[in-house]
Amino acid sequence: MAHITLDNDLPGISGLMAQRPDTGAPLNQLAETLLRSGDSPLTRGERELIAAYVSHLNSTPFCARSHSAFAAAQLEGGADVVGAVLADPEGAPVSALLKSLLRVAAEVQAHARPVSDGTVRAARAEGATDAHLHDTVLIAAAFCMYNRYVSGLATDAPSDPAYYDVTADFIVRHGYGAAA
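Counting of residues starts from 1 at the beginning of each chain's written sequence and follows it residue by residue. Local features in this predicted model are restricted to residues whose pLDDT is 70 or higher, and side-chain atom pairs enter the listing and the counts only when it is 80 or higher, whereas totals over whole chains, interfaces and linings include all residues. To obtain the side-chain values, all non-hydrogen atoms of the structure were included, while hydrogens and water were left out.

### Let's talk about the overall build of the protein
Okay, step 1: Under the DSSP-based scheme used, a helix requires at least four consecutive residues in state H or I and a strand at least two consecutive residues in state E, with every element numbered from the N terminus. From N to C terminus, the protein includes nine helices and zero strands.
Okay, step 2: Listing the helices and strands of the protein from first to last along the sequence gives α-α-α-α-α-α-α-α-α.
Okay, step 3: By the compact-globule yardstick of 16 Å for 180 residues, the protein fits well, its C-alpha radius of gyration being 16 Å.
Okay, step 4: A principal-axis box enclosing the C-alpha atoms of the protein has dimensions of 50 × 35 × 30 Å.
Okay, step 5: Throughout, exposure labels follow a simple rule: accessible area from a 1.4 Å probe, protein chains only, divided by the maximum for the residue type, with under 20% read as buried, over 50% as exposed, and the rest as partly exposed. Taken across its 180 residues, the protein has 44% of its residues classed as buried.
Okay, step 6: For the protein, the exposed area adds up to about 8700 Å²; of that, 57% sits on carbon and sulfur atoms.
Okay, step 7: One finds the centroid of the 12 positive side-chain charges in the protein at a distance of 5 Å from the centroid of its 20 negative side-chain charges. Our radius of gyration looks at C-alpha atoms and nothing else; its globule reference is 2.2 Å times the residue count to the power 0.38. Using the Shrake-Rupley algorithm and a 1.4 Å probe, accessible areas are obtained, with residue cover drawn only from the displayed protein chains. Charged residues are defined narrowly, with Lys and Arg counted positive, Asp and Glu counted negative, and His plus the chain ends left uncounted. Charged side chains are reduced to one point each, which is NZ for Lys, CZ for Arg, CG for Asp and CD for Glu.

Here it is, written out as structure tokens:
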């Protein structure tokens, strides 16, 4: 049961955004910019994977399941790759560059301090540019906020994987702005 009364039966952040469109609209726009638009060297699937990974690390089931489904729908290898990253990012079948960026994201998730010089050096050695680092840190930081919003208000998270697959189809086709 959510800590606040909602006038809708939508789960997770969807219910919160529908309840408060004044804050929901800018949060949706931020997600759209970070994960789908903008001039990023990361694909949409990679950006969603970073969001899913941070949400998984933060133990936020709604966000982890949602962004895992969104990533799976946009990455070669789909749900198998996403599952492998969440279980063991170092052993997952993703590029060395993406593994290094997941390490950056994990540091952002764990501590509100600068990413270590060694982690940045390792990412740069794998080809990370300033844009890769910027986008990874911003996605990870934003998802710490989104996760705390969802978890802090104890929103519901559907247990049926079909919910997330349907939502993924919608987001991939229409984006976050259409979800507002």
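### Some points on unusual backbone geometry
Okay, step 1: A positive phi angle, near 55°, is found at S59, a position not held by glycine.
Okay, step 2: As for its position among the elements, S59 is in the loop between α3 (44–57) and α4 (61–72).
Okay, step 3: For S59, a relative accessible area of 59% gives the class exposed.
Okay, step 4: You will see that A154, though not glycine, has its phi angle at about 55°, which is positive.
Okay, step 5: Residue placement: A154 occurs in the loop between α8 (130–152) and α9 (161–174).
Okay, step 6: Assessed through its relative accessible area of 23%, A154 is described here as partly exposed.

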